[in-house]
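Chain and residue survey
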Amino acid sequence: MLLNIIISNTGDKPIYQQIADQIKDHIMKGLLEESEPLPSIRSLAKDLNISVITTKRAYDELEKEGFIATIAGKGSYVAAQNKELLRESRIKIVEEKLSEAVIAAKSAELTFKELEEMLKFFCEEEK
Amino acid sequence: MENILEVKSLTKTFQDFTLSNISFSLPRGFITGFIGPNGSGKTTTIKLIMNLLKKDRGEVSIFGLDHIRHEREIKNRIGFVYDESHFYEELTVERMKRFIASAYNNWDEEKFRSLAGKFSLPLNKSIKDLSRGMKVKFSLAAALSHKADLLIMDEPTSGLDPVVRSEILDILHDVIQDENKGVFFSTHITSDLDRIADYIIMIYKGEILFNKTKDELIEEHAVIKGPLSLLDTSLKNNLIGIKKGIYGFEALTAGKEAADALVKAGAAAEKPALEDIMLYYTRKENGNA
Amino acid sequence: MLNLIFKDLLIQKKTLGFLGLYIIILTLAFQSVGSGAFTSIIIAVTYQLVITAGSLEEKTGSDIVLNSLPISREKIVAAKYLSVFFYGLMAVLAYLIYAALLRLVPIPINIPPITPESLAAAFTVIMVMNGIYYPVYFKTGFVRARIISLIVFFAFFFGLISLFEAAGGSSSHGVLQAIAGFFSSVNKTQFSLMLIGGALIFMLASLILSIKLYRGREF
């Protein structure tokens, strides 16, 4: 399993949120697949050098949002994802990024036409 | 039995200091930091728990057992590390270890060997020739080699360099990989606890100020920096340990609403470190200096 | 219990190394005392070992460690009492070895033989001395106890030497001569047994007192 989690102490985002977000990200990108086991709370806490409670809170958060499931005594694993939900959340990300792009474009005084060209260019490049 | 250590209304009076009626508990499976400035009563509390000092009043139970009635049974399951080693300087590490081992029912020699290797303990050196860091590591190795369920540490990291300190903190994580074990870690160097502590108990002038999860503590407090003019408003009542400067003030707030109100009025709010919380709370009384 | 006594021996390894030398010096110093020299040497050596052990415990602050380990306070106290007998026996052993060695070399040094009476006297004195010293030691720690110990030691030590000198006829002090005279008139075996028995009872009472005091001790 490839799990990259980077914790920043300087940001305003609480550490449990950073962990939850990064694991979510792994799941959405498909880097963590369904029913794949996650590290135990205690060993993750040790490896990240943070407290057990913080780690537990991150897992609780993920569980609440349906990303992971925990079986008592066995540990946590990636839950079967609701494809519709996953798609929705991905669309939401696209919308967010696009609206950011639009704001940036406005401040750079780009026309809609130019923006469309740009989008087309990126879409073709990704193919 | 959820709690590994329970202290109820513990009281001890000295000529110049009173530990008054303190109560707290330690859940299993976590690291609990016990913080407070020097002279607040941390060592007194630990000595009372270990029955090195005789309590005036109160109850202490460890593993659900009374700490005096079941003293030996309990001490068999406690690992202790104090700020000074109090080991016989004339003995070699190996000899001292043999003595300690003979006192415990379930000494685990293999575990000791492995820790001694990990810490590079010089087994044949006299204890008087060990550095302070090495003495602490030896204490820790001894504390972890008899299958202890509770680790009690009194200022173990004071006077150690950052490398040794981080090694020691690492080991504490190893201990609580077993969710039935607990660590009670007293220190005035709170930066040791910023990352690893699950719970924080703060003691000041012989009284417990709070006992919370570290995350709660950090989240509900904020360091506020703002213009001096704010101190003339009613917002001032929300501030703890105000420190006035020429260009503005710094203080701590408890509770999100208090911080929000101050930010709205033009102050800046920052996430506190444990040290900030300790400093501002203990500054409270000479606040407007 | 044995590990506690063994630990006391180990921490004063250096002092033990000097034991032989110490005995030689004392033998030379006590040439005039006659048969009392043996008793005096055993008392002096035991005193030295008890004091050294106490001072090293004090220096280490070892009460804190001992009482944090699962060792009962009763055991800690009892081990100290038992160690007195160990020290006494070690002194006797060292004396025997030393005496045997000295007989091999033709030096005109008087090595008094060990008699049951001198042995009984030695152990009686070390039991009584430490029976007085230890309750103070366990109540207040070494620093204050050392003063008591010193006073008791000198009282016994010089008292005894004077007594032996009197017994040897070299003292003109009336009272001492009277006491010495009394000692030489009684049945020696019976009297020795009485002394040892009395000292044992005294030491036992002292042990019980020390345990009680040490239980209330704070560190």
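In this text, all values refer to a predicted model and were calculated from it rather than measured experimentally.

Across its full length, chain B holds 10 helices and 14 strands. Sorting the 289 residues of chain B into buried and exposed places 56% on the buried side. Of the charged side chains in chain B, 39 are positive and 42 negative, and the gap between their average positions amounts to 3 Å.

Applying the stated criterion to the full structure yields 32 salt bridges over all chains. The closest approach of N and O atoms between D21 of chain A and K13 of chain A, which form a salt bridge, is 2.7 Å. K13 of chain A gets classed as partly exposed once you look at its relative accessible area, which sits at 41%. Between R77 of chain B and D149 of chain B there is a salt bridge, with the nearest N and O atoms lying 2.9 Å from each other. In this pair, R77 of chain B sits in the loop between α2 (71–75) and β6 (78–81) while D149 of chain B sits in the loop between α5 (132–143) and β7 (150–154), placing the two residues 72 residues apart along the sequence. Judged by relative accessible area, D149 of chain B falls into the buried class, the value being 18%. Taken together, the shared-partner salt bridges connect E94, K97, R98, E109 and R113 of chain B into one network.

Here we come to the arrangement of the chains. Among the two pairs of chains that make contact, the interface with the largest number of contacts is formed by chains B and C. There is no contact between chain A and chain C; across them, the least C-alpha separation is 28 Å.

Turning our attention to the packing of aromatic side chains. Enumeration according to the criterion identifies 22 aromatic pairs over all chains in this entry. Directly above the aromatic system of Y16 of chain A lies the positively charged group of R57 of chain A, at a separation of 4.0 Å from the ring centroid. Geometry around Y214 of chain C places R73 of chain C over its ring, the cationic atom sitting 5.7 Å from the centre.

Turning next to the interface of chain C and chain B. Contacts between chain C and chain B engage 28 residues on the former and 25 residues on the latter. Across the contact surface, chain C and chain B share two salt bridges. K59 of chain C is the salt-bridge partner of E90 of chain B, the closest N and O atoms lying 2.8 Å from each other. Every element with two or more residues in the side of chain C that touches chain B is listed here: α1 (2–11), α4 (36–60), α5 (62–68) and α6 (73–104) of chain C. Its residues assigned to classes, the side of chain C that touches chain B shows 12 nonpolar, eight polar and eight charged.

Turning our attention to the environment of A258 of chain B. All names here are of chain B. If you trace the backbone, A258 turns up in helix α9 (residues 256–264). The class for A258 is buried, based on a relative accessible area of 9%. Expressed as a C-alpha distance, the spacing of A258 and G133, which sit 125 residues apart in the sequence, is 43 Å. Not counting residues within four places of it along the chain, the set of residues in contact with A258 comprises N238 and T253.

Residue and element names in this part refer to chain B. Pairing within the open sheet is antiparallel, and its four strands lie in the order β12-β13-β11-β14. Lying at the two open borders of the sheet, with one neighbouring strand each, are β12 (239–244) and β14 (268–270). Sheet twist, expressed as the average angle between the axes of neighbouring strands with direction ignored, equals 20 degrees. Direction of pairing for strand β11 (residues 221–226) relative to β14: antiparallel, over a ladder of three bridges. Residue pairing for β14: K225 is matched across the bridge by A268. Each of β11, β12, β13 (249–254) and β14 touches α9; the most contacted strand, β13, lies at about 145 degrees to it.

Attention now moves to the domain arrangement of chain A. Residue and element names in this part refer to chain A. According to the domain assignment, chain A consists of domain 1 (15–78) and domain 2 (83–125). With centres defined by C-alpha atoms, the gap from domain 1 to domain 2 works out at 30 Å. Carbon and sulfur atoms make up 59% of the area that domain 1 and domain 2 hide from each other, which totals about 320 Å². Counting the contacts that link domain 1 with domain 2 gives zero salt bridges.

For the rest of this paragraph, the subject is the interface of chain B and chain A. The interface of chain B with chain A comprises 18 residues on the first partner and 18 residues on the second. Buried area between chain B and chain A, both sides added, is near 1,600 Å², and the carbon and sulfur share of it is 42%. If you sort the residues of chain B by the area they bury against chain A, H173, R195 and K271 of chain B come out on top, with a joint share of 39%. Put simply, chain B and chain A have three salt bridges between them. Where K46 of chain A meets D174 of chain B, a salt bridge forms, and the shortest distance between an N and an O atom there is 2.8 Å.

This brings us to the sheet that holds strand β4 (residues 57–62) of chain B. All names here are of chain B. Taken in spatial order, the four strands of this open sheet run β2-β1-β4-β5, and their pairing is antiparallel. Only two strands of the sheet have a single partner each, and these edge strands are β2 (18–27) and β5 (65–66). Summarising the sheet, strand β1 (residues 3–13) and β2 pair through seven bridges and their orientation is antiparallel. Note that in β2 the partner of T13 across the bridge is T18. Docked against the sheet, helix α1 (residues 42–49) engages β1, β2 and β4, running at close to 70 degrees with respect to β2.

Here we come to the nonpolar core. Among the nonpolar cores identified, the biggest contains 160 residues, and L5 and F184 of chain B are the most heavily contacted of them. No other element matches α6 of chain C, which puts 14 residues into this core. Beyond its immediate stretch of four places on either side in the chain, F184 of chain B contacts L5, F24, L26, T32, F34, I46, I49, L151, I152, M153 and I201 of chain B. By size, the runner-up hydrophobic cluster in this structure holds 21 residues, among which are I7, L44, L62 and F67 of chain A.

Residue and element names in this part refer to chain C. Taken as a whole, this structure holds four cavities of 30 Å³ or more when the rule is applied. Approximately 80 Å³ is the volume attributed to the largest cavity. In terms of lining, the largest cavity is formed by 13 residues, of which the most central are K7, E57, L66, I76 and K80. When contributions to the lining of the largest cavity are tallied by element, the ones reaching two or more residues are α1, α5, α6 and α7 (116–140). Here the lining of the largest cavity is composed, by residue class, of seven nonpolar, one polar and five charged. Volume-wise, the second largest cavity comes out at about 60 Å³. Surrounding the second largest cavity, G54, E57, E58, D63, Y137, F138, G141, F142, Y214 and R217 form its lining. When contributions to the lining of the second largest cavity are tallied by element, the ones reaching two or more residues are α4 and α7. Among the elements that take part in the lining of the second largest cavity, α4 stands out by supplying three residues, more than any other. The residue makeup of the lining of the second largest cavity, split by class, is four nonpolar, two polar and four charged.

Procedures and definitions
- Residues numbered from 1 in each chain as written.
- Chains lettered and ligands numbered in written order.
- Predicted model: local features only at pLDDT ≥ 70, side-chain atom pairs only at ≥ 80, totals over all residues.
- Heavy atoms only, no water.
- Helix = DSSP H or I, 4+ residues; strand = E, 2+ residues; numbered from the N terminus.
- Buried < 20%, exposed > 50% of the residue type's maximum accessible area, 1.4 Å probe, protein only.
- Lys, Arg positive; Asp, Glu negative; His and termini not counted.
- Charge placed at Lys NZ, Arg CZ, Asp CG, Glu CD.
- Salt bridge = Lys/Arg side-chain N within 4 Å of Asp/Glu carboxyl O.
- Contact = heavy atoms within 4.5 Å.
- Phe/Tyr/Trp six-rings, centres within 6.5 Å; stacked < 30°, edge-to-face > 60°.
- Lys NZ or Arg CZ within 6 Å of the ring centre and 35° of its normal.
- Nonpolar A, V, L, I, M, F, W, Y, C, P; charged D, E, K, R; others polar.
- Pairing = 2+ DSSP bridges.
- Axes fitted to C-alpha atoms, helices over the stretch in contact; angles between N-to-C directions.
- Domains from an automatic or database assignment.
- Buried area = accessible area lost by both parts, 1.4 Å probe.
- Core = buried A, V, L, I, M, F, W, Y, C linked by side-chain atoms within 4.5 Å.
- 1 Å grid on protein atoms, 1.4 Å probe; cavity = no way out; pocket = protein on both sides within 12 Å on 5 of 7 lines; lining within 4 Å.
- Points joined across faces, edges and corners; volume = space filled by probe spheres on them.

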